[in-house]
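Geometric and topological summary
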There are 2 protein chains.
Amino acid sequence: MIVTGISNAVINRMPRYYRYLRDLSKNHVERISSTELSQLMHTTPSQVRQDFNIFGGFGQQGYGYNVQTLCKEIKGLIGVEQCGSMIIIGAGNMGQALVNYANFPKLGFQIKGIFDINPKLCGLVIQEIEIQPIDQLEKFLSQNQIQIATLTVPREQAQAMAERLVSAGIRAIWNFAPIDLELPKEVVVENIHLAESLMQLAFRRNHLT
Amino acid sequence: MIVTGISNAVINRMPRYYRYLRDLSKNHVERISSTELSQLMHTTPSQVRQDFNIFGGFGQQGYGYNVQTLCKEIKGLIGVEQCGSMIIIGAGNMGQALVNYANFPKLGFQIKGIFDINPKLCGLVIQEIEIQPIDQLEKFLSQNQIQIATLTVPREQAQAMAERLVSAGIRAIWNFAPIDLELPKEVVVENIHLAESLMQLAFRRNHLT
């Protein structure tokens, strides 16, 4: 993963800023200071200013930030609009749960296709999207602008499927398989490792003082 | 979250060590050096030794680690066996997908109960577990030893439900709602924030060099 000059910590905070700013905007809050925003985020005002300075500031010292403008700027930085078309590979429980997850379209992400290897699933329609056989993948990707592929296949198939996606031009993979994918460094991967998250929770629970 | 003397980075690596060691053990590998293990984990040998030294070492210098022993030690440290009983609050798409996720029982986590507010869902059986009405929650928790509660309810209900769980004695919450829960510091929370993960991926994709 190569993101010039921006630390992972900053990248990880951006969607949280966006979430809080969307809420503030919905609640008709017009302006917010870095102190108020930092309290919501459980961080410090200087952290907020430092984060925003990376992208040129967004506000005038002493006047706080205009919530709507800042929200739009951060949405633009995250680049939802340039990166909002996704497909799902694997229409099992998790794949179907993601298709049914109501939040993605609200945030600007559209699921354009679902693929599976299982002929029994192919042809089924979820949220108006028909599950396609996986051998249609390359044709579909050549005819549609897709920026993100979500991988919800069994672990044994994940690495090969990821390589197939990369060969077909995909540069961003949202990986739910419990495996560390080995891919060229120009491909970005974000993992949702459920079992590891659950074990981290168990560990913390067991080491509570 | 209070875990004395152990950094989050170390805690986050423990389940990955466990995953790799389980694989090695399944493949009948008997011994592994810190160098080999560090290559699998994409870290350094000194990092591996440093991590393990926190817990007293596990191995003899120069002889590498016994894979089976190390695997068992780390499983014990994570404390799956002391912390393996969980319930799921919210039997919607995500809750059901988690109940159907085949990996949890293999790792030692057992789902003992599922609760929902929706009377249409109550009484349905998933993986031999009947969905119960939420008003049975306190009674169930008083009669069963449950260590982890998984929260897959809508965002608007998450904070109140988390507080209700804490009142009923729960000290570990696996939270899927897109919200930062505000709970007493003796309660550990691990978040799966799907939308934020997807936005982090979008951000990285858009800032690729």
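For the structure given in this document, a descriptive report is provided here. Every chain's residues receive numbers from 1 upward, in the order its sequence appears when written. Starting at A for chains and at 1 for ligands, labels are handed out in the order in which the entities are written. Only residues with pLDDT of at least 70 are given local features in this predicted model, and only at 80 or more are side-chain atom pairs given and counted; all residues enter the totals for whole chains, interfaces and linings. As a rule here, side-chain values come from all non-hydrogen atoms in the structure, and water together with hydrogens is ignored.

Least squares is the method for superposing the copies, and the C-alpha atoms it fits come from residues with pLDDT of at least 70 in both. In the superposition of chain B on chain A (RMSD 0.0 Å, axial shift 0.0 Å), the rotation amounts to 180 degrees. Look at the turn and shift together and you get a two-fold axis relating the two. In terms of proximity to the rotation axis, the leading residue of chain B is Ala97(B), whose C-alpha is 3.2 Å off the axis. By definition in these notes, contact holds between two residues if any of their heavy atoms fall within 4.5 Å. Of all interface residues in chain B, 100% are interface residues in chain A too; the two copies therefore contact each other through one and the same surface.

Bringing the packing of helix α1 (residues 8–26) of chain B against helix α4 (residues 67–78) of chain B into the picture now. All names here are of chain B. Where α1 contacts α4, the two axes come as close as 9 Å, and the packing angle between them is 145 degrees. Considering the relative orientation of α1 and α4, their crossing is left-handed. Taken together, the residues of α4 that come into contact with α1 (itself represented by Met14, Pro15, Tyr17, Tyr18, Leu21, Arg22, Leu24 and Ser25) are Val67, Gln68, Leu70, Cys71, Ile74, Lys75 and Ile78. Among the residues making up the contact of α1 with α4, the classes are represented as eleven nonpolar, two polar and two charged. Axis definition: a line fitted to C-alpha atoms, limited for helices to the stretch in contact. Angles are taken between N-to-C directions and run from 0 to 180 degrees. Helix and strand labels come from DSSP, where a helix needs a run of H or I of at least four residues and a strand needs a run of E of at least two; each type is numbered from the N terminus. When the near helix sits turned anticlockwise from the far one by under a right angle, the crossing is termed left-handed; a clockwise turn instead gives a right-handed crossing. For this classification, the nonpolar set comprises Ala, Val, Leu, Ile, Met, Phe, Trp, Tyr, Cys and Pro, the charged set comprises Asp, Glu, Lys and Arg, and every other residue, Gly included, is treated as polar.

All right, on to the sheet that holds strand β4 (residues 110–116) of chain A then. Residues and elements named next belong to chain A. Taken together, seven strands build an open sheet; the order of strands is β5-β6-β4-β3-β7-β8-β9 and the sheet is mixed. Every interior strand has two partners, whereas the edge strands, β5 (125–126) and β9 (188–191), have only one. Here helix α8 (residues 155–167) sits on the sheet and contacts β3 (85–89), β7 (148–151) and β8 (172–175); the angle it forms with β7, its principal contact strand, is near 170 degrees. Two strands form a pair only when DSSP identifies at least two bridges running between them.

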